[in-house]
There are 2 protein chains.
Amino acid sequence: MASPTPENPGLLDPLDAAILAVLVEDGRASYARIGARVNLSAPAVKRRVDRLLERGVIDAFTVRLDPATLGWGTEAFVEVHCTEQTSPARMRDTFESYPEVIAASSVTGDADAVLEVRAHDMRHLEQVVERIAAEPFVLRTRSTVVLNPLVRRPGPGPR
Amino acid sequence: MASPTPENPGLLDPLDAAILAVLVEDGRASYARIGARVNLSAPAVKRRVDRLLERGVIDAFTVRLDPATLGWGTEAFVEVHCTEQTSPARMRDTFESYPEVIAASSVTGDADAVLEVRAHDMRHLEQVVERIAAEPFVLRTRSTVVLNPLVRRPGPGPR
DNA sequence: ATTGAAAAAATCAGAGA
DNA sequence: TCTCTGATTTTTTCAAT
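Residues numbered from 1 in each chain as written. Chains lettered and ligands numbered in written order. Predicted model: local features only at pLDDT ≥ 70, side-chain atom pairs only at ≥ 80, totals over all residues. Heavy atoms only, no water.

Quick word on the packing of helix 2 (residues 31–38) of chain A against helix 3 (residues 42–55) of chain A
Residue and element names in this part refer to chain A. Contact geometry for helix 2 and helix 3: axes closest at 8 Å, N-to-C directions at 95 degrees. Considering the angle they form, helix 2 stands roughly perpendicular to helix 3. Seen from helix 2, the contacting residues are Tyr31, Ala32, Ile34 and Gly35; seen from helix 3, they are Ala42, Val45, Lys46 and Val49. Class assignment for the residues of the contact of helix 2 with helix 3 results in six nonpolar, one polar and one charged. (Axes fitted to C-alpha atoms, helices over the stretch in contact; angles between N-to-C directions. Helix = DSSP H or I, 4+ residues; strand = E, 2+ residues; numbered from the N terminus. Parallel < 35°, antiparallel > 145°, perpendicular 65-115°, else oblique. Contact = heavy atoms within 4.5 Å. Nonpolar A, V, L, I, M, F, W, Y, C, P; charged D, E, K, R; others polar.)

Shown next as structure tokens:
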């Protein structure tokens with residue numbers, strides 16, 4: 001999956017990598033400032049950013065919000081066990097309807113899916129988990145509450 | 001935790017909430033365009049964004065990158081069981097040294113910590129998990145590999 | 001990819017509700 | 001306090017090289 005092909009040009013140009021590194025740290029950095037960091041003119045930087053957007057490497061420009069400051073201080077992983085032949089589409093549609101479900105994945109192993117849930121407090125978390133457990137295709141759930149967020153790394157991986 | 005106090009001003013001004021909604025979707029939206037959406041002038045929007053930054057509601061402006069496009073298509077949850085009296089600081093320092101560890105949390109329940117790991121492929125994932133399992137304070141690990149990312153919500157949550 | 005100009009946006013100052 | 005208007009500065013964007 002990481003072999004350079006005509007379809008997959010290299011993995012990432014060193015210049016593009018440098019540009020992305022700056023943008024991950026400051027998504028509003030001006031093209032001129034980025035260019036100063038990577039020894040490129042502003043238009044050249046813009047051209048590369050546009051290409052990274054077209055290629056889908058950059059999914060979007062956003063803000064990273066602090067959940068705790070917004071009152072979403074309680075986080076948990078919820079393993080979900082489903083009835084036989086529960087389709088991924090069914091799971092996705094259901095879990096997507098919960099605003100508290102930040103992420104949901106079908107997984108290997110014991111459980112069928114793992115959810116990441118954000119709630120205001122324990123009481124709220126309990127309510128959400130109960131509602132999920134009451135879904136028709138859910139057999140049982142197992143919750144693991146986050147005590148301390150030790151590491152939160154922005155970006156998709158090593159650079 | 002969600003009650004308005006002098007320390008915790010309201011939860012979020014409706015205007016601020018609207019501004020954040022726009023910025024989550026497009027972190028480079030101009031103040032004028034945001035203002036048009038929320039019926040405010042550009043300087044007024046900037047003032048509020050600056051305050052949201054000061055308050056820490058907005059953690060940072062960033063780009064959201066697509067892990068798959070960058071060759072990080074394999075994702076897993078790794079439960080880690082540690083020896084008695086392993087300090088959170090020790091865990092954090094150790095796990096932070098792994099670029100593949102996107103997030104690490106100490107947790108309630110059976111395991112001591114849950115890691116989110118991104119790897120290039122299964123072989124790479126296996127190597128990383130083996131290295132983690134070989135850490136002095138690690139007793140054993142249990143990995144759950146993501147088959148299908150059903151839901152990925154960009155909202156409040158470091159990602 | 002760079003330079004330089006034009007268009008757009010960000011930023012600042014002043015004043016009013 | 002919070003906002004708006006208008007001026008200034010910076011950045012984006014486009015064209016030509």
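The structure having been displayed, the exposition proceeds.
A look at the pattern of salt bridges
Tallying each qualifying case throughout the model produces 16 salt bridges over all chains. The partner of Glu75 of chain A in a salt bridge is Arg118 of chain A, and the shortest N-O contact between them spans 3.1 Å. In this pair, Glu75 of chain A is assigned in strand 2 (residues 74–82) and Arg118 of chain A in strand 4 (residues 113–119), connecting sequence segments 43 residues apart. For Glu75 of chain A, a relative accessible area of 10% translates into the label buried. Relative accessible area serves as the criterion here: at 8%, Arg118 of chain A is assigned to the buried category. Measuring nitrogen to oxygen at the nearest pair gives 3.4 Å for the salt bridge that ties Arg48 of chain B to Asp13 of chain B. Separated by 35 residues along the polypeptide, Arg48 of chain B in helix 3 (residues 42–55) and Asp13 of chain B in the segment before helix 1 (14–25) bring together distant segments of the chain. The class for Asp13 of chain B is partly exposed, based on a relative accessible area of 32%. Each of Asp13, Asp16 and Arg48 of chain A takes part in one network of salt bridges that share partners. (Salt bridge = Lys/Arg side-chain N within 4 Å of Asp/Glu carboxyl O. Buried < 20%, exposed > 50% of the residue type's maximum accessible area, 1.4 Å probe, protein only.)

Quick notes on helix 4 (residues 88–96) of chain B
Every buried residue of helix 4 of chain B is accounted for by Met91, Thr94 and Phe95 of chain B. All buried residues of helix 4 of chain B fall inside an arc of 90 degrees around its axis, so they share one side. Contact partners of the buried residues in helix 4 of chain B: strand 5 (138–152) of chain A together with strand 2 (74–82), strand 3 (101–107), strand 4 (113–119) and helix 5 (122–133) of chain B. (Arc of directions from axis to C-beta.)

Side note on the domain arrangement of chain A
A common measure of how large an interface is: the accessible area buried when the components associate. Taken as a whole, chain A is organised into domain 1 (1–64) and domain 2 (67–145). If you average the C-alpha positions of domain 1 of chain A and of domain 2 of chain A, the two centres end up 34 Å apart. (Domains from an automatic or database assignment.)

Section: empty space enclosed by the protein
Under the counting rule described, the total for this entry stands at two cavities of 30 Å³ or more. Taken as a whole, the largest cavity holds about 100 Å³ of empty space. Every residue lining the largest cavity is listed: Phe77, Glu79, Val114 and Thr144 of chain A together with Phe77, Glu79, Val114 and Thr144 of chain B. Looking at the lining of the largest cavity, its residues break down into four nonpolar, two polar and two charged. (1 Å grid on protein atoms, 1.4 Å probe; cavity = no way out; pocket = protein on both sides within 12 Å on 5 of 7 lines; lining within 4 Å. Points joined across faces, edges and corners; volume = space filled by probe spheres on them.)

Some thoughts on the protein's contact with DNA strand D
Within the structure, DNA strand D sits among Ser30, Tyr31, Pro43 and Lys46 of chain A together with Leu40, Ser41, Pro43, Ala44, Arg47, Arg48 and Arg51 of chain B. Sugar plus phosphate, as a fraction of atoms of DNA strand D within 4 Å of the protein: 83%. Within the side chain of Arg47 of chain B, an N or O atom sits 2.6 Å from a phosphate oxygen of DNA strand D. Measuring from a phosphate oxygen of DNA strand D, one finds a side-chain N or O atom of Arg51 of chain B at 3.3 Å. When contributions to the surface near DNA strand D are tallied by element, the ones reaching two or more residues are helix 3 of chain A together with helix 3 of chain B. No other element matches helix 3 of chain B, which puts five residues into the surface near DNA strand D. Along the lines of polarity and charge, the residues of the surface near DNA strand D split into five nonpolar, two polar and four charged. (Near = heavy atom within 4 Å. Polar contact = N/O pair within 3.5 Å; in protein donor to acceptor, adjacent residues only side chain to side chain.)

A look at the UniProt feature "domain: HTH asnC-type" (unreviewed entry) in chain A
As annotated by UniProt and renumbered to match this structure, "domain: HTH asnC-type" (unreviewed entry) occupies residues 12–73 of chain A. A helix fraction of 55% and a strand fraction of 13% characterise residues 12–73 of chain A, whose end C-alpha atoms lie 36 Å from each other. (UniProt positions renumbered as here; feature names shortened; annotations may be inferred.)

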